[in-house]
Number of protein chains: 2
Amino acid sequence: MIKNYSKLLLSLVLVLCLAAPVASAKTTVKNDSAKNKSIHVQIVLFDGFDLLDALGPYEVFAAAGMYSGGAVTVELVSAEGKRSVPSGLNGPSLEAKAALDPHLPGMIVVPGASGKPAGNSEDSIPHVLRQTMKTRLPELLKQAFNDKDVTMVTVCGGTLLPAMEGLLKDRHAVTNHLGMPALGALGAIPVEARVVEDGPRFVSGGGVTSGIDTALYLVDRELGPRIANAVEKLFEYEKRGTVWRAEGNEPIDFQASPKAADVK
Amino acid sequence: MIKNYSKLLLSLVLVLCLAAPVASAKTTVKNDSAKNKSIHVQIVLFDGFDLLDALGPYEVFAAAGMYSGGAVTVELVSAEGKRSVPSGLNGPSLEAKAALDPHLPGMIVVPGASGKPAGNSEDSIPHVLRQTMKTRLPELLKQAFNDKDVTMVTVCGGTLLPAMEGLLKDRHAVTNHLGMPALGALGAIPVEARVVEDGPRFVSGGGVTSGIDTALYLVDRELGPRIANAVEKLFEYEKRGTVWRAEGNEPIDFQASPKAADVK
């Protein structure tokens, strides 16, 4: 029986080994702009955070680190420092390893909350976000938004936190579709896209799984398309949606000017 | 300043509340077959497990539980019982709340490992899987596969664990594309699809993000399409790929019989 396992495992190892040289061969082509670049990503946990909002980007950045030989490092942090942080809807906790440093060069990812999408109960998203606004996090986010060495990344309801702090006035952003009216009411300019790049230093993603697309875009932007593509293949995922930026031609808004459709 | 927050928060809450009645109205249409049905899902953690493999399905089932008023419950378990289980590549730990019960009616989800996709180092996937085969997990999986009240669900490299135990002989299954040759070598019939249903009691998913599609399919199958659709909308995700089953017409294999293309 043991012998049988060994054989099977050997074939498994051999088969997996065959896959490696293909990837290695490709890395001999140099990407000078990205070479020696190193990016640190802090992912911010708070009580009631959404698991996938946080861990989708976490795993994309971790895999990008693996494929780039360590050009990306990623850690879980919290406003309060090292502690166990419970996710929403009585979900599992994750250990924040350090305090969020708003001035550490790199990226800061803010996930949304998980909970009932409406209402005012303790397990509702509005309640969780309101509680989070009472912590040190909003002040730290403010410092980070003002630091030119930091790229701010928000996912899903995570976009509402800086918006509630007044940091997104007149800035283009996206959040979960359920939160889009609130995002507009808070002074931001809501854009219906899966990923929105307001500028190089502020990128937001829509609902939950958009965090994967957001992180893949940032890996592409910072380390190039070959690393992003390697992560996509490993995860059997393809980045979805055009990353919206206020650039290039602007499409005619047919709803705003109904007569536009008749113009030649 | 405080007053300002209260106003913004009030508008946020109001806006989110507006979204709720639409969903409630829909639930008045009855789905008798799914009514009063309750499904318990155990998600199995082991040292070196992949975060997204485990938490993609976790979050889909948790949201399905939320939208169905508790018709789905989900918990993290381990072969060894309640303990903190480290994910792969030095990732964060998750707390398993209980011991895996292979005879508990419902579903058991087995995620894959995260690590280097090839080689034999301590942080390689083959090594992590080999270590896992030395634990109690394979024996528990065997009992679960033999229990008619249990539906087995494997994601990504998680399909290789029962395969290595010899439980997938001649059964249709999928794993991460990197592991497909190994899956075949272990006696299973590898099928290139995102989700493969060998029978009602064994469903497997491909690489990492396929776990989300696998869980959405099972929510649809067990609780109906309206709950699955609600989860999709919340997560801003659409289930991808036809769920493969050995049913209906079989497509002509043009590679196996090159002359088939010329047959009228």
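Structure's up top.
The text that follows walks through the structure, step by step, so that each part is easy to find. Note that the structure is a prediction, hence the values are computed from the model and not measured.

### Remarks on the overall build of chain A
Move 1: Of regular secondary structure, chain A possesses eight helices and 12 strands.
Move 2: Relative to its 264 residues, chain A shows a buried fraction of 55%.
Move 3: For chain A, contacts bridging at least 24 residues in sequence account for 62% of all contacts bridging at least 6.
Move 4: Summed over its atoms, the accessible surface of chain A is roughly 11,900 Å², and 56% of this surface lies on carbon and sulfur atoms.

### Notes on the interface of chain B and chain A
Size of an interface, as often reported, equals the accessible area lost when the parts are brought together.
Move 1: Facing the 61 residues of chain B at the interface are 61 residues of chain A.
Move 2: With both chains or domains summed, chain B and chain A bury close to 5,300 Å², and 70% of this area falls on carbon and sulfur atoms.
Move 3: Here Arg 240 of chain A and Glu 238 of chain B are joined by a salt bridge, their closest N and O atoms 2.4 Å apart.
Move 4: Between chain B and chain A we count 16 residue pairs in polar contact (both at pLDDT 80 or more) in total.
Move 5: For the side of chain B that touches chain A, the elements supplying multiple residues, two or more each, are helix H1 (2–26), helix H2 (51–67), strand S4 (93–96), helix H3 (125–132), helix H5 (160–164), helix H6 (180–185), helix H7 (210–223) and helix H8 (225–235) of chain B.

### Some points on the sheet that holds strand S1 (residues 39–45) of chain B
All names here are of chain B.
Move 1: Strand order in the open sheet formed by eight strands is S5-S2-S1-S6-S7-S11-S10-S12, with mixed pairing between adjacent strands. The outermost strands of the open sheet, each flanked by one partner alone, are strand S5 (98–99) and strand S12 (243–244).
Move 2: In the sheet, strand S7 (residues 150–155) pairs with strand S11 (residues 202–205) via four bridges, with the strands oriented parallel. What sits directly across from Val 153, in S11, is Val 203.
Move 3: Across the sheet, helix H4 (residues 137–145) lies against S1, strand S6 (106–110), S7 and S11, angled at about 130 degrees from S7, the strand it touches most.

### A word on the packing of helix H7 (residues 210–223) of chain A against helix H8 (residues 225–235) of chain A
Residues and elements named next belong to chain A.
Move 1: It is at 7 Å that the axes of H7 and H8 come closest, and there the two elements cross at 150 degrees. By the criterion of interaxial angle, the relationship of H7 to H8 is roughly antiparallel. Across from Leu 216, Val 219, Asp 220 and Leu 223 in H7, the residues of H8 making contact are Pro 225, Ile 227, Ala 228, Val 231 and Glu 232.
Move 2: A class-by-class count of the residues in the contact of H7 with H8 yields seven nonpolar, no polar and two charged.

### Some details on the packing of helix H2 (residues 51–67) of chain A against H8 of chain A
Residue and element names in this part refer to chain A.
Move 1: Following both chains from N to C, one finds H2 and H8 inclined at 115 degrees, their axes separated by 9 Å at the closest point. Here the hand of the crossing between H2 and H8 comes out right-handed. Mapping the contact onto sequence places Glu 59, Val 60, Ala 63, Ala 64, Met 66 and Tyr 67 in H2 and Ile 227, Ala 230, Val 231, Leu 234 and Phe 235 in H8.
Move 2: Looking at side-chain class alone, the contact of H2 with H8 contains 10 nonpolar, no polar and one charged residues.

### Overview of the relation of the copies chain B and chain A
Move 1: For the pair chain B and chain A, the best superposition has an RMSD of 0.0 Å and corresponds to a rotation of 180 degrees with a translation of 0.0 Å parallel to the axis. The relationship between the two copies is best expressed as a two-fold rotation axis. When C-alpha distances to the rotation axis are compared across chain B, the minimum falls at Leu 94 of chain B, with a value of 3.2 Å.
Move 2: A share of 100% of the interface residues of chain B reappears at the interface of chain A, consistent with the copies meeting face to face through the same patch.

### Thoughts on H2 of chain A
In an α-helix, one turn spans 3.6 residues; hence positions three or four apart end up facing the same way.
Residues and elements named next belong to chain A.
Move 1: Taking 1.5 Å of rise per residue, 17 residues should cover 24 Å, and H2 covers 24 Å from first to last C-alpha, within 8% of that figure.
Move 2: When you tally the buried positions in H2, you get 15 out of 17 residues, the bulk of the element.
Move 3: Its side-chain oxygen 3.1 Å from the backbone nitrogen of Leu 52, Asp 50 forms the N-cap of H2.
Move 4: Two residues or fewer past H2, Gly 69 is found with a positive phi of approximately 65 degrees.

### Here's the deal with the sheet that holds strand S10 (residues 195–199) of chain A
Whether parallel or antiparallel, the strands of a sheet pair through hydrogen bonds between backbone atoms.
All names here are of chain A.
Move 1: Taken in spatial order, the eight strands of this open sheet run S5-S2-S1-S6-S7-S11-S10-S12, and their pairing is mixed. Looking at which strands have only one partner, the edges of the open sheet turn out to be strand S5 (98–99) and strand S12 (243–244).
Move 2: As defined by bridge partners, strand S1 (residues 39–45) adjoins strand S2 (residues 72–78) across seven bridges and the pair is classed as parallel. Considered in S2, the bridge of His 40 is made with Thr 73.
Move 3: Relative to strand S7 (residues 150–155), helix H4 (residues 137–145) is tilted by about 130 degrees, and along the sheet it contacts S1, strand S6 (106–110), S7 and strand S11 (202–205).

### Remarks on the pattern of salt bridges
Residues and elements named next belong to chain B.
Move 1: The final tally for this structure, using the stated rule, is 26 salt bridges over all chains.
Move 2: When the shortest N-O distance is used, the salt bridge between Asp 170 and Lys 169 registers 4.0 Å. Neither residue differs from the other here; Asp 170 and Lys 169 are each classed as exposed.

### Regarding unusual backbone geometry
Move 1: Positive phi values are uncommon outside glycine, yet Val 208 of chain A reaches one of about 20 degrees.
Move 2: Note that Val 208 of chain A resides in the loop between S11 and H7.
Move 3: Overall, Val 208 of chain A belongs to the buried group, its relative accessible area being 4%.
Move 4: For Asp 170 of chain B, which is not glycine, the phi torsion reads 60 degrees and is therefore positive.

### With respect to the side chain of Thr 214 of chain B
Move 1: Mapping Thr 214 of chain B onto the fold places it in helix H7.
Move 2: What Thr 214 of chain B contacts, discounting residues up to four positions off in sequence, is Val 153, Arg 194, Val 195, Val 203, Ser 204 and Gly 205 of chain B.

Rules used throughout
- Residues numbered from 1 in each chain as written.
- Chains lettered and ligands numbered in written order.
- Predicted model: local features only at pLDDT ≥ 70, side-chain atom pairs only at ≥ 80, totals over all residues.
- Heavy atoms only, no water.
- Helix = DSSP H or I, 4+ residues; strand = E, 2+ residues; numbered from the N terminus.
- Buried < 20%, exposed > 50% of the residue type's maximum accessible area, 1.4 Å probe, protein only.
- Contact = heavy atoms within 4.5 Å.
- Areas by Shrake-Rupley, 256 points an atom, 1.4 Å probe, with all protein chains shown as cover.
- Buried area = accessible area lost by both parts, 1.4 Å probe.
- Salt bridge = Lys/Arg side-chain N within 4 Å of Asp/Glu carboxyl O.
- Polar contact = N/O pair within 3.5 Å; in protein donor to acceptor, adjacent residues only side chain to side chain.
- Pairing = 2+ DSSP bridges.
- Axes fitted to C-alpha atoms, helices over the stretch in contact; angles between N-to-C directions.
- Parallel < 35°, antiparallel > 145°, perpendicular 65-115°, else oblique.
- Nonpolar A, V, L, I, M, F, W, Y, C, P; charged D, E, K, R; others polar.
- Left-handed = near helix turned anticlockwise from the far one by under 90°.
- Least-squares fit on C-alpha atoms with pLDDT ≥ 70 in both.
- Expected span 1.5 Å × (residues − 1).

Just distances and angles here, no functional claims.
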